[in-house]
Amino acid sequence: MTTTYSGPARLILVDGACISGMASLSTNQRGGLNGWGGTFRPDEITTDLRNADQGLQLELPYDRVGTVAVTGIRKLLATQVLMSLAGRGPAPF
């Protein structure tokens, strides 16, 4: 069974900075692996965000938090990017 979440989220960088945005996440249980991941579209793009890749936290409503790594960044528009995330540990949704 696949579980999904789509809605507001905050990406917490290693230095504690928080970036608000919209997340679209799902679990993938292929071959017994309880992995999860998805995309995050930040409201703003900062240099720290561009350089972020490991040790990040993704906070969902109701204080649910998961550890994520950035696996890719794709430019959507001049002012928007879409970040691909791979979750670590239990999914927060």
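Our structure's up above, just so we're on the same page.
Residues numbered from 1 in each chain as written. Predicted model: local features only at pLDDT ≥ 70, side-chain atom pairs only at ≥ 80, totals over all residues. Heavy atoms only, no water.

Novice: Would you explain the overall build of the protein chain in this entry?
Specialist: Scanning the protein chain from terminus to terminus reveals 1 helix and 6 strands. Listed N to C, the secondary structure of the protein chain is β-β-β-α-β-β-β in terms of helices and strands. The C-alpha radius of gyration of the protein chain comes to 13 Å, within 12% of the 12 Å expected for a compact globule of 93 residues. Along the first, second and third principal axes, the C-alpha set of the protein chain runs to 40 × 25 × 20 Å. The proportion of buried residues among the 93 residues of the protein chain is 35%. Of the contacts made within the protein chain by residues no fewer than 6 positions apart, 47% connect residues no fewer than 24 positions apart. Summed over all atoms, the accessible surface of the protein chain reaches about 5500 Å², with 49% contributed by carbon and sulfur. Across the protein chain, 8 positive and 7 negative side-chain charges occur, with their mean positions spaced 11 Å apart. (Helix = DSSP H or I, 4+ residues; strand = E, 2+ residues; numbered from the N terminus. Rg over C-alpha atoms; globule rule 2.2 N^0.38 Å. Buried < 20%, exposed > 50% of the residue type's maximum accessible area, 1.4 Å probe, protein only. Contact = heavy atoms within 4.5 Å. Areas by Shrake-Rupley, 256 points an atom, 1.4 Å probe, with all protein chains shown as cover. Lys, Arg positive; Asp, Glu negative; His and termini not counted. Charge placed at Lys NZ, Arg CZ, Asp CG, Glu CD.)

Novice: How do you make sense of the packing of aromatic side chains when you look at a structure like this?
Specialist: Geometrically, a pair of aromatic rings is defined through the distance of the ring centres and the angle of the planes. Per the counting criterion, the structure on display carries 1 aromatic pair. Relative to F93, the ring of W36 lies with its centre 5.9 Å away and its plane at 80 degrees, an arrangement referred to as edge-to-face. Taken as a pair, W36 in strand β3 (residues 35-42) and F93 in the segment after β6 (80-88) lie far apart in primary sequence, 57 residues in all. Under the relative-accessibility criterion, W36 is labelled buried at 5%. On the basis of relative accessibility, which here comes to 19%, the residue F93 falls in the buried class. (Phe/Tyr/Trp six-rings, centres within 6.5 Å; stacked < 30°, edge-to-face > 60°.)

Novice: I'm lost on the sheet that holds β6 in this one. Help?
Specialist: By definition, the strands of a sheet pair up through backbone hydrogen bonds, in either a parallel or an antiparallel sense. What the 6 strands build is a closed barrel, ordered β1-β2-β3-β6-β5-β4; its pairing is antiparallel. Strand after strand, the sheet turns through a mean of 45 degrees between neighbouring axes, direction not considered. Two elements, strand β5 (residues 64-77) and β6, share 9 bridges in a ladder whose sense is antiparallel. Its bridge partner lying in β6, V68 is registered against G87. (Pairing = 2+ DSSP bridges. Axes fitted to C-alpha atoms, helices over the stretch in contact; angles between N-to-C directions.)

Novice: Mind showing me how you'd approach the pairing of β5 here?
Specialist: A regular strand places its side chains on the two faces of the sheet in alternate fashion. One ladder, built from 5 bridges, connects strand β4 (residues 56-60) with β5; its direction is antiparallel. Along β5, the bridge assignment pairs L56 with V68. The loop that links β5 with its antiparallel partner β6 comprises 2 residues.

Novice: For this particular structure, what's the right way to read the side chain of T27?
Specialist: Residue position: T27 is located in strand β2 (residues 18-28). A polar contact of 2.8 Å, which involves the side chain of T27, links it to the backbone nitrogen of T3. (Polar contact = N/O pair within 3.5 Å; in protein donor to acceptor, adjacent residues only side chain to side chain.)

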